[in-house]
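Here is how the chains run, residue by residue.
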Amino acid sequence: MNEKPEKLIDKKGLRLDGRKPDELRPVKLEVGVIPNADGSAYIEQGKNRILAGVYGPREVHPKHLALQDRAVLKCRYHMAPFSVQERKSPAPSRREIEISKVIRESLEPSVFTEYYPRTMIDVFIEVLQADGGTRCASITAASLALADAGIPLKDLVVACAAGKADDTIVLDLMDEEDKLGKADVPVALMPSLNGITLLQMDGKLTHDEFETAVNMAIEGCKKIYPMQKEALKAKYVGIKEEAEE
Amino acid sequence: MPTFYEPKQIVTPGDLLAEGEYLAGENTYVENKVIYSSRLGLVEYDNKKVNVVALKGFYIPRIGDLVIGTVTEVGFNGWTIDINAPYKAFLRPSDVLSRPFKPQKDELSQVLNVGDLIVAKIISYDRSHDPQLTVAEPGLGKITRGQILKITPTKIPRVIGKKGSMITMIKEETGCQIILGLNGIVLITGKTLEGEQAALVAIRRIEEESHTSGLTDRITQMLKKNKPAEEENKNE
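It should be emphasised that the depicted structure is a prediction, and the values quoted were computed from it without experimental measurement. (Residues numbered from 1 in each chain as written. Chains lettered and ligands numbered in written order. Predicted model: local features only at pLDDT ≥ 70, side-chain atom pairs only at ≥ 80, totals over all residues.)

A. Structural detail: the overall build of chain B. Within chain B, the secondary structure is distributed over 6 helices and 16 strands. When the backbone C-alpha atoms are referred to their principal axes, chain B occupies close to 65 × 60 × 20 Å. Scored against the burial criterion, the 236 residues of chain B give a buried share of 37%. Taking the contacts inside chain B whose residues are at least 6 apart along the sequence as the reference set, 54% of them involve residues at least 24 apart. (Helix = DSSP H or I, 4+ residues; strand = E, 2+ residues; numbered from the N terminus. Buried ≥ 20, exposed ≤ 12 C-beta atoms within 10 Å, placed from the backbone. Contact = placed C-beta atoms within 7 Å.)

B. Quick peek at the overall build of chain A. If you tally the helices and strands in chain A, you get 4 helices and 10 strands. Its helices and strands taken in sequence order, chain A reads β-β-β-β-α-β-α-β-β-α-β-β-β-α from the N to the C terminus. The C-alpha atoms of chain A give 19 Å as radius of gyration, which agrees with the globular expectation for 245 residues (18 Å, within 12%). The dimensions of chain A, computed from C-alpha atoms along their principal axes, are 55 × 50 × 35 Å. Going through the 245 residues of chain A one by one, you find that 44% of them count as buried. Counting contacts in chain A only where the partners sit at least 6 residues apart, residues at least 24 apart contribute 71% of the total. (Rg over C-alpha atoms; globule rule 2.2 N^0.38 Å.)

C. Expanded view of the domain arrangement of chain B. Looking at chain B, the domain boundaries give domain 1 (10-54), domain 2 (66-142) and domain 3 (147-235). The C-alpha-based centres of domain 1 of chain B and domain 3 of chain B are spaced at 30 Å. (Domains from an automatic or database assignment.)

D. Focus on unusual backbone geometry. Here the amide bond leading from A:Gly56 into A:Pro57 is cis, since omega sits at 0°, within 30 degrees of zero. Mapped onto the fold, A:Pro57 is located in strand 3 (residues 48-59). Along the chain, A:His61 connects to A:Pro62 via a cis peptide bond; the corresponding omega equals -5°. Looking at the element boundaries, A:Pro62 is found in the loop between strand 3 and strand 4 (72-79). A positive phi is found at B:Asn47, a non-glycine position, where the angle reads about 55°. Relative to the assigned elements, B:Asn47 resides in the loop between strand 6 (41-46) and strand 7 (49-54). Within the chain, B:Lys163 stands out as a residue other than glycine whose phi angle is a positive 50°.

E. Representation of the interface of chain A and chain B within the structure. Chain A puts 28 residues into the contact, and the matching count from chain B is 27 residues. In terms of residue count, helix 4 (residues 207-244) of chain A provides more of the side of chain A that touches chain B than any other element does, 9 residues in total. Grouping the amino acids of the side of chain A that touches chain B by side-chain chemistry returns 15 nonpolar, 5 polar and 8 charged. (Nonpolar A, V, L, I, M, F, W, Y, C, P; charged D, E, K, R; others polar.)

F. Representation of the packing of helix 2 (residues 134-148) of chain A against helix 4 of chain A in the model. Residue and element names in this part refer to chain A. Contact geometry for helix 2 and helix 4: axes closest at 11 Å, N-to-C directions at 35°. Helix 2 and helix 4 meet at a crossing whose hand is right-handed. Here Thr140, Leu144, Ala147 and Asp148 of helix 2 come into contact with helix 4, specifically with Ile224, Gln228, Ala231 and Leu232. (Axes fitted to C-alpha atoms, helices over the stretch in contact; angles between N-to-C directions. Left-handed = near helix turned anticlockwise from the far one by under 90°.)

G. Local environment of the sheet that holds strand 6 of chain B. All names here are of chain B. Pairing is mixed across the open sheet formed by 4 strands, whose spatial order is 1-6-7-3. With one partner strand each, in any of the chains shown, strand 1 (10-11) and strand 3 (23-24) form the two edges of the open sheet. Looking at chain direction, strand 1 and strand 6 are connected through 2 bridges and run antiparallel. Within the sheet, the bridge partner assigned to Ile10 lies in strand 6 and is Leu42. (Pairing = 2+ DSSP bridges.)

H. The pairing of strand 8 (residues 183-190) of chain A, seen in detail. Residue and element names in this part refer to chain A. Among the 8 residues that make up strand 8, 8 are buried, leaving the element largely enclosed by the rest of the structure. Going residue by residue along strand 8, you find Ala183, Val185, Val187 and Leu189 tucked away on one face and Asp184, Pro186, Ala188 and Met190 tucked away on the opposite face as well. Of the pairings in the sheet, the one linking strand 6 (residues 158-165) to strand 8 comprises 7 bridges and is antiparallel in character. Counterpart to Val158 in the pairing with strand 8 is Leu189.

I. Highlighting the environment of A:Tyr116. By the secondary structure assignment, A:Tyr116 is in the loop between helix 1 (94-107) and strand 5 (119-129). In the structure, A:Tyr116 is positioned 44 residues away from A:Val72 in sequence and 9.0 Å away in space, judged by C-alpha atoms. Each residue touching A:Tyr116, except ones within four places of it in the same chain, is listed here: A:Pro57, A:Ala71 and B:Pro86.

As structure tokens, this is what we get:
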């Protein structure tokens, strides 16, 4: 596990876990997993396991943070100490604080915050197991939790990353590819409106490579989007079939 | 001028509902002249209006709404009431006492104390001000007995049914008085504990199965089936 692989892509063009360059990891989504929260969601994407809980809209504490014209969206991204190989200190790190901000900014365009002035919507994201691309999986889960809480949204937000491993552009980076690869481009998308709410890049890509990566990530998002919708409906469809028998 | 879903089909936020000559109703919004859904719910087409009936939601106050709330704080010139909404409501003493309020003489905590439940009506509320309540109308005031049930506020209309068909049926079958707070809190007061329990179970079931068809019939059946069993228990 700790040995560095020589190559990220083998001779057949397959990746370390046997995926093709444009293949997603298996995704599992579930809604309503935290009974105490107003809305919640759970995502498994490859080895990533992430919980998201939404509370609100509720009264703002401390009061001076309240906005007179819209709701405040608060986000907390946190990694459990046991989520990575080496124990992570439970205190919020620089990286976690930044990702919290990035997630908030990618969710905010989708929420009708102006409907609920002087209130606050809390989003808590807990990474139970991390395997690369947690910010994207977190956004996917958090948006689902917002919808589950019954908060009006313009659209669900889906996120997916693309990047460069060795010299190939690949979709949905896993941990090794993220660390040893040459670039990472996370993209968050509102598919129905065709709006990008998050676009980041670290590493180096040429103009053309960047464009392929973004397009590949968008395609990835569009594959996860229907799964998100299914997960939301699943609870109610199940009850409906049972009751109408 | 197409619509994209059958009536009563489940939609999620961002689903394209209709194009052209339609009007955006509840839980929908317009972008680039087409109508999208903004919540998880069931689509309804009311003439030219497209509505989404939300499956889960929270309560946002509206003037004239009947609500059930809990006293959370007794202040110098009124009570703070939790009405299960993002905003806390305020109740003034002159509304409760039905005479002018004298801060030196009247002890507010003797009238209503923390933890007391009240049935009240919202008399004022807007974007920039918290809701104000009143109890100065018949049927409003402190709750002294009965059972309290909390359901998703968006499902209160379903519990009422078409022209009140569902709620009158439950009242008749169980012999209970039921007050539906539009904030999702329901008060059931009956003569017997069994009756209250039956009404409670029925309302819980409506909440769970609100989006299915033939619900009124199923609830009636359920209540009728359980009724003889209760009477037998009484005879024993």
